[in-house]
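# Examining the three-dimensional arrangement
Chain by chain, the residues run as shown.
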Amino acid sequence: MTQESNCPLKNDECAACLAQKSREITRRSFFASLLGASAGLIATVIGTPMLRYILYPVQAAAKTNKWTEVGDVSDFESIAGPVARTISLTQRDGWREVVSPQPVFVSKSEEGKLQVLSPICPHLGCSVGWHENQNKFICPCHGGQFGADGRRLSGPPPRGLDTLDVQVKDGKLQVQFQYFRSNVADRQLLS
């Protein structure tokens, strides 16, 4: 026997009856929808922290634009030559934050403005030192020499000492420490 023979209604009426029954929510379809919504909620609750954990180094790297205080501007107004200062540099190593001391040199540019020089030699990355008796920076590794304003005087370095971005905020000199590629003629930012 076919379904049509069991149906007491005519064909058009039977089709309307079947369409109405298909729109009704059965207990089975209700629980299937509830289970699907619950699974989606659980996946979101568990997945969001996991995704944030995985993407944390990428997000943290994008936010690194920190300014570090070097000192009061008044401390540097009457300097005759470069002055060494140590700043606390906060760096991210994966999921860890590492705070390390980083030396910098505060000097005056040819125009008389305060500038902060990186102590890293642009030749191979050695740390330069200020020799007051000779009035120049000297790299102990390969003998590169730089003037008090950071310009290259002699030796193998392809450029002068790198100047760092500075700003004055509330009477404090602040620097944004960055690393640059070694042994290239133009300044290329690494981080």
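Structure: see above.
The following refers to the structure shown. This structure is a prediction, so every number in the text was calculated from the model and none was measured.

## So, the side chain of D149
In this structure, D149 sits in the loop between β7 (145-146) and β8 (152-154). Apart from residues lying up to four places away in sequence, D149 is in contact with S107, K108, E110, Q115 and L117.

## Examining the nonpolar core
Ranked by internal contacts, the top residues of the largest apolar core, which has 14 residues, are V70, V106, V116, L164 and L173. Mapped onto this core, the elements with two or more residues apiece are β2 (83-93), β3 (96-108) and β10 (172-176). V116 has contacts with V104, F105, V106, D162, T163, L164, V166, L173 and V175, leaving out every residue within four places of it along the chain. One finds V128, W130, F137 and C139 within the second-largest nonpolar core, a separate group that totals ten residues.

## As for the state of the cysteines
Taken as a whole, this structure holds one disulfide when the rule is applied. Across the disulfide, C126 is cross-linked to C141 (sulfur-sulfur distance 1.9 Å). Between C126 and C141, the S-S torsion sits near -110°, and that sign places the bridge as left-handed. Of this pair, C126 sits in the loop between β4 (114-117) and β5 (129-131) while C141 sits in the loop between β6 (136-138) and β7, and the two are 15 residues apart along the sequence. No disulfide involves C139; its sulfur sits 3.8 Å from the nearest other cysteine sulfur, which is in C121.

The rules behind these values
Residues numbered from 1 in each chain as written. Predicted model: local features only at pLDDT ≥ 70, side-chain atom pairs only at ≥ 80, totals over all residues. Heavy atoms only, no water. Helix = DSSP H or I, 4+ residues; strand = E, 2+ residues; numbered from the N terminus. Contact = heavy atoms within 4.5 Å. Core = buried A, V, L, I, M, F, W, Y, C linked by side-chain atoms within 4.5 Å. Buried < 20%, exposed > 50% of the residue type's maximum accessible area, 1.4 Å probe, protein only. Disulfide = S-S within 2.5 Å.

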